[in-house]
Amino acid sequence: MSDFANDADITPEAFVQHIKSLGRYAFPDPALVDPDGMGIVAIGGDLAPETLISAYAQGLFPWFNDNEPIAWWCPEPRCVMQPTNYEPSKSLRKQANRARWQLTLNQAFDEVIHACSLPRSNGVDDDLNESQPEGEHTWIHDEMIEAYNELHAQGFAHSVEVWDDKGALVGGLYGLKIGGIYFGESMFHIASNASKLAFWGLMRLCAQSNVALVDCQLPNEHLMSLGAITLPRTDFLTQLDMLISNDSNKWYKNSHKPLAVSLLGNLQPWQLNL
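Residues numbered from 1 in each chain as written. Predicted model: local features only at pLDDT ≥ 70, side-chain atom pairs only at ≥ 80, totals over all residues. Heavy atoms only, no water.

1. Section: the sheet that holds strand β4 (residues 78–81)
Part 1 of the reasoning: In spatial order, the strands read β10-β4-β9-β8-β7-β6-β5-β11; together these 8 strands make up an open sheet with mixed pairing. Each having just a single partner strand, β10 (229–231) and β11 (259–260) make up the two edges of the open sheet.
Part 2 of the reasoning: Across 4 bridges, strand β5 (residues 102–105) lies against strand β6 (residues 157–163) in antiparallel orientation. By the bridge assignment, T104 is partnered in β6 with E161.
Part 3 of the reasoning: Running at roughly 160° to strand β8 (residues 181–189), helix α7 (residues 194–208) makes contact with β4, β5, β6, β7 (169–178), β8 and β9 (213–217) of the sheet. (Pairing = 2+ DSSP bridges. Helix = DSSP H or I, 4+ residues; strand = E, 2+ residues; numbered from the N terminus. Contact = heavy atoms within 4.5 Å. Axes fitted to C-alpha atoms, helices over the stretch in contact; angles between N-to-C directions.)

Following this line, the structure appears as structure tokens:
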């Protein structure tokens, strides 16, 4: 990946154009190819890191079943969350206060994405995407797992993990961060409310890191219950150009200390691992 972003002399506009031009493909304007707002704007291409970063910078993300062509989506409307506006429920606050669980950042990315890919036992999905029928695999298949693990290795994809008091992974989420926006992909839980605690942890981390918006892609009941809102696609894409060129704190594998969930009520709970 180019070190163009580290050049202090470039303008935000130049950086936006550069990151959009990564990869081998010219993605179409969603307004032109999808005027009715069905969501799908392109078919084909690949999941190389440069292709994915270019697509996300233009508001597109891949969503397709195994053994199908790669489909690129830009939904109308767009589901988003503003981290500074997030408010956990009273019941979640109570659970966090009494739980002896911990949150970590980027400590188990592969385990999280594999857990997100497993069938939901009851058909209820707390994904950052749509749910699927009981017992069916998610859209996160081997090709997607390999692609996002590579993005994680390159420092773009990040996970938040939830560990219980016995050290078992009981929930988490993953997504991509470019500048001042985090593109949420999926989350899972095997213990009650673990994904909601991971989401709360993400909101706090984003607010501390100058990440102004979390892209949740498609609205669903679970996300809306957490306080997500929807934006017209044009408004989202306008904001996106500003957000991807914003400075924000870097998230590395060991950049932040583990966080006790009981501290999530603090305004800036994540401590740097200096």
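2. Some details on the packing of helix α4 (residues 90–98) against α7
Part 1 of the reasoning: Direction vectors running N to C along α4 and α7 enclose 90°, while the axes themselves pass 11 Å from each other. Put simply, α4 runs roughly perpendicular to α7. On the side of α4, the interface is formed by L92, R93, Q95 and A96, while α7 contributes K196, L197 and W200.
Part 2 of the reasoning: When its residues are assigned to classes, the contact of α4 with α7 shows 4 nonpolar, 1 polar and 2 charged. (Parallel < 35°, antiparallel > 145°, perpendicular 65-115°, else oblique. Nonpolar A, V, L, I, M, F, W, Y, C, P; charged D, E, K, R; others polar.)

3. Here we look at the sheet that holds strand β1 (residues 40–43)
To summarise the sheet geometry, strands pair through backbone hydrogen bonds and adopt either a parallel or an antiparallel arrangement.
Part 1 of the reasoning: Pairing is antiparallel in the open sheet, where 3 strands are placed in the order β1-β3-β2. Edge positions in the sheet fall to β1 and β2 (61–62), since each of these pairs with one other strand and no more.
Part 2 of the reasoning: In terms of strand pairing, β2 meets strand β3 (residues 71–73) through 2 bridges, oriented antiparallel. The partner of F61 across the bridge, within β3, is W73.

4. Here's the deal with the nonpolar core
Part 1 of the reasoning: Membership of the largest hydrophobic core comes to 51 residues, with the highest contact counts inside it found for W72, Y148 and Y174.
Part 2 of the reasoning: Of all hydrophobic cores here, the second largest spans 36 residues; its members include A96, Y182, A198 and V214. (Core = buried A, V, L, I, M, F, W, Y, C linked by side-chain atoms within 4.5 Å. Buried < 20%, exposed > 50% of the residue type's maximum accessible area, 1.4 Å probe, protein only.)

5. Some details on unusual backbone geometry
Part 1 of the reasoning: A cis amide bond, omega 0°, links E76 with the succeeding residue P77.
Part 2 of the reasoning: Secondary-structure assignment places P77 in the loop between β3 and β4.
Part 3 of the reasoning: Of note in this structure, N210 is not a glycine but carries a positive phi near 65°.
Part 4 of the reasoning: Here N210 shows up in the loop between α7 and β9.
Part 5 of the reasoning: With relative accessibility at 48%, the residue N210 sits in the partly exposed group.

6. Structural notes on the pattern of salt bridges
Part 1 of the reasoning: All told, the structure shown has 6 salt bridges when counted by the stated rule.
Part 2 of the reasoning: Among the ionic pairs, D34 bridges to R233, the shortest N-O distance being 2.8 Å. Of the two residues, D34 is situated in the loop between α2 (30–33) and β1 and R233 in helix α9 (residues 233–243); the sequence distance between them amounts to 199 residues. Of the two residues examined, D34 and R233, each falls in the buried class. (Salt bridge = Lys/Arg side-chain N within 4 Å of Asp/Glu carboxyl O.)

7. Remarks on the pairing of β9
Part 1 of the reasoning: Burial of β9 is extensive: 5 of the 5 residues sit out of reach of the surface.
Part 2 of the reasoning: Residue alternation in β9 divides its side chains into two sets, L213, D215 and Q217 and V214 and C216, and both sets are buried.
Part 3 of the reasoning: Note that β4 and β9 share 3 bridges and pair antiparallel. Bridged to V80 within β9 is D215.
Part 4 of the reasoning: One ladder, built from 3 bridges, connects β8 with β9; its direction is parallel. Residue pairing for β9: Y182 is matched across the bridge by V214.
Part 5 of the reasoning: Note that the unit made of β8, α7 and β9 has a crossover that is right-handed. (Right-handed = clockwise from strand over helix to strand, strands pointing away.)

8. Points about the confidence of the model for the chain
Part 1 of the reasoning: The predicted model of the chain averages 90 in pLDDT, with 90% of residues at 70 or higher.
Part 2 of the reasoning: The model gives residues 122–127 a pLDDT under 50, and that stretch makes 22 contacts with residues more than four places away or in other chains. (pLDDT = per-residue confidence, 0-100.)

9. What to know about the environment of F199
Part 1 of the reasoning: Tracing the sequence through the fold places F199 in helix α7.
Part 2 of the reasoning: Between the C-alpha atom of F199 and that of G171, which follows or precedes it by 28 residues, the distance is 9.9 Å.

10. Observations regarding the environment of F183
Part 1 of the reasoning: Along the chain, the position of F183 falls in strand β8.
Part 2 of the reasoning: For F183, a relative accessible area of 0% corresponds to the buried category.
Part 3 of the reasoning: In this structure the C-alpha to C-alpha distance between F183 and L213, which are 30 residues apart in sequence, comes to 8.5 Å.
Part 4 of the reasoning: Non-local contacts of F183, meaning those with residues more than four positions away in its chain, are made with Y56, G175, L176, I178, D215 and L240.

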